[in-house]
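The residues making up each chain are set out below.
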Amino acid sequence: MNSIEIEKKYLLRHLPGSLENYPCHEIEQAYLCTNPVVRVRKEDETYYLTYKGKGMMMREEYNLPLNREAYAHLLAKADGNIISKTRYLIPLEDGLTAELDRFHSPDSTLLMAEVEFSSEEQAEGFTPPDWFGEEVTQDRRYHNSYMSQASYNG
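Residues numbered from 1 in each chain as written. Predicted model: local features only at pLDDT ≥ 70, side-chain atom pairs only at ≥ 80, totals over all residues. Heavy atoms only, no water.

(A) Examining the confidence of the model for the protein more closely. Counting all residues, the mean pLDDT for the protein is 94, and 97% of those residues have values of 70 or more. Highest mean pLDDT in the protein belongs to strand β9 (residues 132-135) (98); lowest belongs to strand β1 (residues 2-12) (91). (pLDDT = per-residue confidence, 0-100. Helix = DSSP H or I, 4+ residues; strand = E, 2+ residues; numbered from the N terminus.)

Right under this line is the structure:
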């Protein structure tokens, strides 16, 4: 499946209340290449390979299904850090959803939210909720592909 991904990323001021009441997914992912981005991901018991084109807020994205064996084979070939996180799906106004990521590795202190949009205009007009902090969409340090290659102490 291919599409244009339009998303913004934010650090969090604080966690929203009752986080345990929202649906969530356990995610593990690793990168075969970071330029262009080619990653493998396990989301609960679903596996896929993703290619992402260039860009920060808006870029092409292609997802191809994998089985468990193919995922394990490709994961062993990945470079850098394996990223694992719990992703909570929190409804926002206008039918949008905040994907709140609580990272387990490589940086267990990181909390971040992403919001995907159907158009660039919708993204530009977005007013984040008060629990969102600094927008880091344009800061490559908060892209998972960068985090997979970064060094972490601890």
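(B) Broad picture of the packing of aromatic side chains. Inspection of the entire model under this criterion finds seven aromatic pairs. On the basis of an interplanar angle of 45° and a centroid distance of 5.2 Å, the ring pair of Tyr47 and Tyr71 is categorised as tilted. One end of the pair, Tyr47, is in strand β4 (residues 46-52); the other, Tyr71, is in helix α1 (residues 68-75), with 24 residues separating them in the sequence. Take Tyr47 and Tyr71: they sit in the same class, and that class is buried. Three or more aromatic residues joined by ring pairs form one cluster here, namely Tyr10, Phe117, Phe126, Trp131 and Phe132. (Phe/Tyr/Trp six-rings, centres within 6.5 Å; stacked < 30°, edge-to-face > 60°. Buried < 20%, exposed > 50% of the residue type's maximum accessible area, 1.4 Å probe, protein only.)

(C) Highlighting the pairing of strand β8 (residues 111-116). For strand β7 (residues 97-105) and β8, the ladder comprises five bridges, and the chain directions are antiparallel. Counted as the bridge partner of Asp101 is Met112 from β8. Turn length for the β7-β8 hairpin, with the two strands adjacent in sequence and antiparallel, is five residues. (Pairing = 2+ DSSP bridges.)

(D) Structural context of a negative patch on the surface. Together, Glu120, Glu121, Glu124, Glu134 and Glu135 make up a negatively charged patch on the protein surface. Counting only elements with at least two residues in the negative patch, the list comes to α2 (120-124) and β9. Summarising the element assignment, Glu124 is placed in helix α2. A relative accessible area of 53% places Glu124 in the exposed class. (Patch = residues over 30% accessible without salt bridge, like charges linked within 9 Å, V, L, I, M, F, W, Y side chains within 5 Å. Areas by Shrake-Rupley, 256 points an atom, 1.4 Å probe, with all protein chains shown as cover. Salt bridge = Lys/Arg side-chain N within 4 Å of Asp/Glu carboxyl O. Lys, Arg positive; Asp, Glu negative; His and termini not counted. Charge placed at Lys NZ, Arg CZ, Asp CG, Glu CD.)

(E) Spatial organisation of the environment of Lys8. Positionally, Lys8 belongs in strand β1. Lys8 sits 127 residues away from Glu135 along the chain, and the two C-alpha atoms are 7.3 Å apart. Beyond its immediate stretch of four places on either side in the chain, Lys8 contacts Met57, Ala113, Glu114, Val115, Phe117, Ala123, Glu124, Glu135 and Thr137. At 2.9 Å, the side chain of Lys8 forms a polar contact with the backbone oxygen of Ala123. (Contact = heavy atoms within 4.5 Å. Polar contact = N/O pair within 3.5 Å; in protein donor to acceptor, adjacent residues only side chain to side chain.)

(F) Broad picture of the pairing of strand β3 (residues 37-43). In terms of residue burial, β3 counts as a mostly covered element, since six of its seven residues are buried. Sheet topology note: the strand β2 (residues 24-34)/β3 ladder contains seven bridges and is antiparallel. Within the sheet, the bridge partner assigned to Gln29 lies in β3 and is Arg41. From the end of β2 to the start of β3, which pair antiparallel, there are two residues. Here β3 runs beside β4; their pairing, made up of seven bridges, is antiparallel. Its bridge partner being in β4, Glu43 is matched across the sheet by Thr46. The hairpin formed by β3 and β4 contains two residues between the paired strands, and Asp44 there has a positive phi angle of roughly 55°.

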